[in-house]
Amino acid sequence: DARYWDEELDAWRDDAIKARQDLYLGKMRATANDAFVESTPPALDEFYWRLGAVEDHCAECPELAELSPYEKATMFTHPGACDTPCKMNCTCYLERGDGVVGFKRVEL
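In this text the structure is predicted, and so the values were computed from the model without any measurement.

Chemist: Break down the overall build of the chain for me, citing the residues and quoting the values.
Modeler: Scanning the chain for helices and strands turns up two helices and four strands. Going from N to C terminus, the chain has its helices and strands arranged as β-β-α-β-α-β. Whereas a compact globule of 108 residues would reach a radius of gyration of roughly 13 Å, the chain reaches 17 Å, over 25% beyond that. Dimensions along the principal axes, computed over C-alpha positions, put the chain at roughly 60 × 30 × 20 Å.

Right, dumping it as structure tokens:
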């Protein structure tokens, strides 16, 4: 595929491969956070949207954090689910009421 192979250089396009890899990893994080919420026992059904380690957040993540805590029934999205303007670049994470943290974004 020309997206991943440079005919002129006769070499792989590492930047394109990494970008595609990051998309899969980002989606996996959103799926893992969904499983984290859904598998939580009813007695621990309290989640906080925590802002990630960036100074310039999208417009929605601070609002989602301010609306915390959530319950399973009210948790309508997860960090990295591409439902916020920051898409999979979101550095926010979920923290359960007992202090257990969900899946954070990892830089490779």
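Chemist: Tell me about the nonpolar core, residues and numbers included.
Modeler: Of all hydrophobic cores here, the largest spans 14 residues; its most connected members are Val37, Trp49, Cys61, Met75, Cys90 and Leu94. Mapped by element, the contributors of at least two residues to this core are helix H1 (14–38), strand E3 (47–50) and helix H2 (60–66). Top element by residues in this core is H2. It accounts for three residues. With residues up to four places along the chain from it excluded, the contact list for valine 37 reads Phe47, Lys72, Met75, His78 and Leu94.

Chemist: Just give me the short version of the packing of aromatic side chains, but keep the residues and values in it.
Modeler: In total, this model carries three aromatic pairs according to the counting rule given. Ring plane angle 80° and centroid distance 4.9 Å describe the contact between tryptophan 5 and tryptophan 12, whose orientation is recorded as edge-to-face. A relative accessible area of 24% places tryptophan 5 in the partly exposed class. A relative accessible area of 56% means that tryptophan 12 is categorised as exposed. Here tyrosine 70 and phenylalanine 76 contribute two aromatic rings whose centre-to-centre distance is 6.3 Å and whose plane-to-plane angle is 75°, an arrangement assigned as edge-to-face. Take phenylalanine 76: its relative accessible area is 58%, and that puts it in the exposed class. Over the face of the ring belonging to tyrosine 93 we find lysine 104, whose NZ or CZ atom lies 4.4 Å from the ring centre.

Chemist: So, the pairing of E3: which residues are in play, and what are the values?
Modeler: Along E3, the buried face is formed by Phe47 and Trp49; none of Tyr48 and Arg50, which line the opposite face, is buried. Bridge count for E3 against strand E4 (residues 93–96) is four bridges, and the pairing is antiparallel. When the sheet's bridge partners are listed, tryptophan 49 is paired in E4 with leucine 94.

Calculation rules
Residues numbered from 1 in each chain as written. Predicted model: local features only at pLDDT ≥ 70, side-chain atom pairs only at ≥ 80, totals over all residues. Heavy atoms only, no water. Helix = DSSP H or I, 4+ residues; strand = E, 2+ residues; numbered from the N terminus. Rg over C-alpha atoms; globule rule 2.2 N^0.38 Å. Core = buried A, V, L, I, M, F, W, Y, C linked by side-chain atoms within 4.5 Å. Buried < 20%, exposed > 50% of the residue type's maximum accessible area, 1.4 Å probe, protein only. Contact = heavy atoms within 4.5 Å. Phe/Tyr/Trp six-rings, centres within 6.5 Å; stacked < 30°, edge-to-face > 60°. Lys NZ or Arg CZ within 6 Å of the ring centre and 35° of its normal. Pairing = 2+ DSSP bridges.

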